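Fold and geometry: a report
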Amino acid sequence: MIKTTLVDFPGKVACSYFMRGCNLRCPYCYNADLVKSSSSLDNSQDDSDRTHLVTPITILEHLFKRKQLINGLVISGGEPLLNPATPILIKAAKQMGMAIKLDTNGTLPDALESLMSNPETRPDFVAMDIKTSPDRYAEKMGVTAGFAQKDIPSLLKRSVDLISSLGPDNYEIRTVLVPGLTELEDIKNIAQMLPQNASWQFAQFRNENCIDPSYNEIQPFIDAKLKELTDYAKTFIPKAALR
């Protein structure tokens, strides 16, 4: 839990909650403790693994105590759509008057649609990560069992269509610029599934604590390459930007 943040939810003073568990193993991810399965942590013999864990009840208690200051809750991960507590947490937070921002990897459109179809659980803002060309996910993103490679592009596109129904000011697409994963061809392939008025936010790759240790040896793009990729993205999506 980040008790108070001014940067994670546009226009809101928010609390951020990071939930465990993810159905991807992106090689450059530096939050290995979040993508571990809950059972691996629950069964850990090392109490230090559990000292940072915060329950949804604790989040709601914090929001209630600080509701005169905080007006938003960011639910992130890992992948929060895997967690059965997510809709319950959203509903309870909305009942306190909190706006909800959901961070998702876009591979679970059924769960996303279930949230969005119910006014009590519909997020106010969604940030969706697209990692690389959709047809490269199985090769590069460590997609877990239950996902056929042929399904990934359609799953991502369904999620893009769902969140774009919120309106252009209430969602964003996020892509980390990683050498070998987000080259010009990948930018083009991602852009083809986005609405032209989408907000597409890029971030620089960090070569530290990566799940795949070999990525710690990869040098991030130099500034000129970052500009080249961002400028190329703008030819498809004008609101593409390096954050």
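Note that the coordinates shown come from a computational prediction; the quantities given were computed from them, not determined experimentally.

So, the overall build of the protein
Scanning the protein from N- to C-terminus turns up 9 helices and 8 strands. Counting all 243 residues of the protein, 44% fall into the buried class. Counting contacts in the protein only where the partners sit at least 6 residues apart, residues at least 24 apart contribute 72% of the total. Roughly 11600 Å² of accessible area belongs to the protein as shown, and the carbon and sulfur atoms make up 52% of that amount.

Side note on the confidence of the model for the protein
Overall, the prediction assigns the protein a mean pLDDT of 91, with 90% of residues at 70 or greater. When the criterion is pLDDT under 50, residues 39–51 qualifies, and its contacts beyond four places in sequence or with other chains add up to 10 contacts.

Notes on the pairing of strand β6 (residues 171–177)
Within a regular strand, side chains alternate between the sheet's two faces. In terms of residue burial, β6 counts as a mostly covered element, since 5 of its 7 residues are buried. Bridge analysis of strand β5 (residues 125–129) against β6 gives 4 bridges, and the strand direction is parallel. Across the sheet, the residue bridging to Val126 is Tyr171, located in β6. Direction of pairing for β6 relative to strand β7 (residues 199–204): parallel, over a ladder of 5 bridges. Bridging across to β7, Thr175 finds its partner in Phe202. The parallel pair β6 and β7, bridged by helix α8 (residues 184–191), forms a crossover whose chirality is right-handed.

Comments concerning the packing of aromatic side chains
If you walk through the whole model with that rule in mind, you get 3 aromatic pairs. Centre to centre, the rings of Trp200 and Phe202 are 4.8 Å apart; their planes meet at 45°, and the pair counts as tilted. Overall, Trp200 belongs to the buried group, its relative accessible area being 0%. Their ring planes at 90° and their centres at 5.1 Å tell us that Tyr232 and Phe236 sit as a pair that is edge-to-face. Note that Arg206 overlies the ring of Tyr30, its terminal NZ or CZ placed 4.0 Å from the centroid.

Parameters at a glance
Numbers given to residues run from 1 along each chain, matching the order in which its sequence is written. Per-residue local features of the predicted model are confined to residues with pLDDT of at least 70, and side-chain atom pairs are confined, for both listing and counting, to 80 or more; whole-chain, interface and lining totals are unaffected and use all residues. Calculated side-chain values reflect all of the structure's heavy atoms, with hydrogen atoms and water omitted. Under the DSSP-based scheme used, a helix requires at least four consecutive residues in state H or I and a strand at least two consecutive residues in state E, with every element numbered from the N terminus. Exposure is judged per residue with a 1.4 Å probe applied to protein chains only, and the accessible area is read against the type maximum: over 50% gives exposed, under 20% gives buried, and values in between give partly exposed. Contacts are assigned to residue pairs with any non-hydrogen atoms lying within 4.5 Å of each other. To be clear on the numbers: accessible area is Shrake-Rupley with a 1.4 Å probe, and residue cover counts the displayed protein chains and nothing else. The quantity known as pLDDT measures the predictor's confidence residue by residue, on a range of 0 to 100. Two strands qualify as a pair provided DSSP detects at least 2 bridges between them. We call a crossover right-handed when, viewed with the strands running away from us, the connection from the first strand over the helix to the second turns clockwise. Only rings of Phe, Tyr and Trp enter the pairing, Trp through its six-membered ring, and a pair is recorded when the two centres are within 6.5 Å. The plane angle decides the type: under 30 degrees is stacked, over 60 is edge-to-face, the rest tilted. By definition, being over a ring means that NZ of Lys or CZ of Arg is both within 6 Å of the ring centre and within 35 degrees of the ring normal.

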